[in-house]
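Here is what each chain is made of, one letter per residue.
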Amino acid sequence: MDFTAHGAVPRPVPVFDDTTPAVVNLDPALLGALRRAAADAAFGFFVNGGWRSPEYQEHLFRQAVAKYGSPAEAARWVATPGTSAHVSGDAVDVWPPDARAWLAEHGGRYGLCQIYRNEPWHYELRPEAVDQGCPPLYPDPSQDPRMRR
């Protein structure tokens, strides 16, 4: 099944793409902050994961269970559809590594924060970070209290 309409990103796309569902269905505030950051950086920012439908997120979670052997281990890498910030459009996976490194250093000025230590590509909008800096990283998604809903 082709999950592109459900948020799959077969190849990274520019953050300024206006046709790919994974980008255009991001929360407008997150997308705006990401695009402002990308405009200020000296190189291209790409999205290789963004908004996802619940069906696609379930597919990814099932793949992770098969790969890691259990739902508990899979949860360290992939959230369920009911807890994923990707399903609500509140998370974006950034490519390439240079863009990630730039966001790690400058993202807080835009409210863009890495959330998980084991996922340097995963960013979410934290508007308070503009004044207060980004919050401490969770070791992985299984340690995020939002994942226990």
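The coordinates are above.
The rules we used
- Residues numbered from 1 in each chain as written.
- Predicted model: local features only at pLDDT ≥ 70, side-chain atom pairs only at ≥ 80, totals over all residues.
- Heavy atoms only, no water.
- Disulfide = S-S within 2.5 Å.
- Helix = DSSP H or I, 4+ residues; strand = E, 2+ residues; numbered from the N terminus.
- Buried < 20%, exposed > 50% of the residue type's maximum accessible area, 1.4 Å probe, protein only.
- Contact = heavy atoms within 4.5 Å.

*Asks:* Would you explain the state of the cysteines in this entry?
*Replies:* Covalent bonding between the sulfur atoms of two cysteines is what defines a disulfide. A full pass over the atoms with the stated rule returns one disulfide. A sulfur-sulfur separation of 2.1 Å characterises the disulfide bridge that pairs Cys113 with Cys134. Measuring the twist about the S-S bond at about -85 degrees, one finds the Cys113-Cys134 disulfide to be left-handed. Of this pair, Cys113 sits in strand E4 (residues 112–114) while Cys134 is found in the segment after helix H6 (129–132), placing the two residues 21 residues apart along the sequence.

*Asks:* Please clarify how the side chain of Ser53 should be interpreted in this entry.
*Replies:* On the secondary structure map, Ser53 appears in the loop between strand E2 (46–49) and helix H3 (54–68). The buried category is assigned to Ser53, whose relative accessible area is 4%. Aside from chain neighbours lying at most four places away, what touches Ser53 is His6 and Val87.

*Asks:* Would you mind going over the environment of Ala85 with me for this structure?
*Replies:* Assignment of secondary structure puts Ala85 in the loop between helix H4 (71–74) and strand E3 (91–95). Along the sequence, Ala85 and Trp102 sit 17 residues apart, while their C-alpha atoms lie 22 Å from each other. In contact with Ala85, other than residues within four places in its own chain, are Asp90, Ala91 and Glu124.

*Asks:* In this structure, what is going on with unusual backbone geometry? I would like to understand it.
*Replies:* Most peptide bonds take the trans configuration, and most residues that are not glycine carry a negative phi. The step from Trp95 to Pro96 runs through a cis peptide bond, and the omega angle for that step is 0 degrees. Within the secondary structure, Pro96 is located in the loop between E3 and helix H5 (97–106).

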